[in-house]
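Descriptive analysis of the structure
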Amino acid sequence: MRTLVEVVREMGMTDPRLLAAFADTPRQRFVPPGSAARAQFDEPIPIGHGQPTSQPSLVAQMIDALGLAGTETVLEIGSGYGYQTALLARLARWVYSLERHADLAEHARANLAAAGVTNVEVLVGDGTAGLPAHAPFDAVIVSAAAPTVPAPLVSQLAEGGRLVMPITGEAADIVTLYTKRQGQLAWLRLLTPARFVPLIGEHTR
């Protein structure tokens, strides 16, 4: 059976820091206890509220596109059980993770603490509003789909920063990479089609 590191490497990910993060972050710690045996497979796992934790290969593509060097402050929308949060924390200076469901946020906090991850703050709130008190962010990653990027997330992205988010499409959601140039969101490239839960909040349309 392939390890998740091997899965990620076969997806074309070559960043040694990213591969090390996957090697050092046991996924079974970040799923419901009854699903721990499935954590070694590259598949989504239900975590409640009709939501899944994304398959690791998709998480890897989204994180890799951010191009993290280790000095960044990252905003994550959608904490889930904290798996992607833990990976981001191993690659960035600090991660603010915003989760809509208080019980999921509590699971994420507990899982991150148990894994010894300390450079993270998990908060409960409307992901479409971001966290203006802690902006600007060098990178933003959104784990739910909407037709457009919410305006607050654009305004809170640092100049030259990167934002990854699935954009709602007819046949599938399209994970898309953006940057910010002269105060405006600029499209960089499409990453992959996928299926995400809808992004819910005041600033979606």
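Scroll up to find the structure this text is about.
Residues numbered from 1 in each chain as written. Predicted model: local features only at pLDDT ≥ 70, side-chain atom pairs only at ≥ 80, totals over all residues. Heavy atoms only, no water.

**Some points on the side chain of Arg27**
Stated precisely, the cut-off is as follows: A helix here means a DSSP run of H or I that spans at least four residues, while a strand means a run of E at least two residues long, and both kinds are numbered starting from the N terminus. A 1.4 Å probe rolled over the protein chains alone gives each residue an accessible area, and that area as a share of the maximum for its type sets the label: buried under 20%, exposed over 50%, partly exposed in between. Lys and Arg are tallied as positive, Asp and Glu as negative. Neither His nor the chain termini are counted. Each reported salt bridge corresponds to a side-chain nitrogen of Lys or Arg within 4 Å of a carboxyl oxygen of Asp or Glu. Any pair of N or O atoms that falls within 3.5 Å is considered a polar contact. Within protein, one atom must be able to donate a hydrogen and the other to accept it, and sequence-neighbouring residues count only if both atoms are side-chain atoms.
Looking at the secondary structure, you find Arg27 in the loop between α2 (16-23) and β1 (45-48). Lacking a salt bridge, the buried Arg27 has Asp42 as its closest oppositely charged neighbour, with an N-O distance of 6.2 Å. Within the structure, the side chain of Arg27 is placed 2.8 Å from the backbone oxygen of Glu43, a separation counted as a polar contact.

**A word on the sheet that holds strand β3 (residues 73-77)**
Let me state the cut-off plainly: Between any two strands, pairing holds if DSSP finds at least two bridges. Convention adopted: a line fitted to C-alpha atoms gives each axis, helices being fitted over their contacting stretch, and angles between N-to-C directions are expressed from 0 to 180 degrees. Contacts are assigned to residue pairs that have any heavy atoms within 4.5 Å of one another.
An order of β5-β4-β3-β6-β7-β8-β9 is seen for the seven strands of this open sheet, with the pairing classed as mixed. The sheet is open, and its two borders are formed by β5 (120-124) and β9 (184-194), each paired with just one other strand. Within this sheet the neighbouring strands show an average axis-to-axis angle of 15 degrees, counted without direction. Relative to strand β7 (residues 157-167), strand β6 (residues 137-142) runs parallel, the two being bridged by four bridges. Bridging across to β7, Phe137 finds its partner in Leu157. Across the sheet, helix α5 (residues 102-114) touches β4 (94-99) and β5, and the angle it forms with β5 is around 165 degrees.

**With respect to the environment of Met13**
Within the secondary structure layout, Met13 lies in the loop between α1 (4-10) and α2. Once the C-alpha coordinates of Met13 and Ala65 are considered, the two residues, 52 residues apart in sequence, prove to be 10.0 Å apart. Not counting the four nearest positions on each side in its chain, Met13 is found in contact with Val8, Leu18, Leu19, Ala60, Gln61 and Asp64.

**Here's the deal with the nonpolar core**
Considering soluble globular proteins, one finds that nonpolar side chains tend to be buried as a cluster. This is how the line gets drawn: To define a nonpolar core, start from buried Ala, Val, Leu, Ile, Met, Phe, Trp, Tyr and Cys residues and group those joined through side-chain atoms within 4.5 Å.
One finds Phe22, Ile63, Leu68, Val74 and Leu88 to be the most contacted residues of the largest nonpolar core, which totals 41 residues. Breaking this core down by element, the ones donating at least two residues are α1, α2, α3 (56-66), α4 (83-91), α5, β5, β6 and β8 (173-181). In this structure, Val74 is in contact with Leu68, Leu88, Ala92, Trp94, Val95, Tyr96, Phe137, Ala139 and Ile141, ignoring residues within four places of it in sequence. With 20 residues, the next largest nonpolar core counts Ala144, Val149, Leu153 and Val197 among its residues.

**A short note on the pairing of β3**
The test is simple: If you view a crossover with the strands going away from you and the path from the first strand over the helix to the second runs clockwise, you call it right-handed.
Across the five residues of β3, five count as buried, placing the element largely inside the fold. Every second residue of β3 is oriented toward a common face, with Thr73, Leu75 and Ile77 on one face and Val74 and Glu76 on the other, all of them buried. Pairing between β3 and β4: five bridges, direction parallel. Bridging from a neighbouring strand, Leu75 pairs with Tyr96 of β4. Once you follow β3 into α4 and on to β4, the crossover reads as right-handed. The sheet contact formed by β3 and β6 spans four bridges and is parallel.

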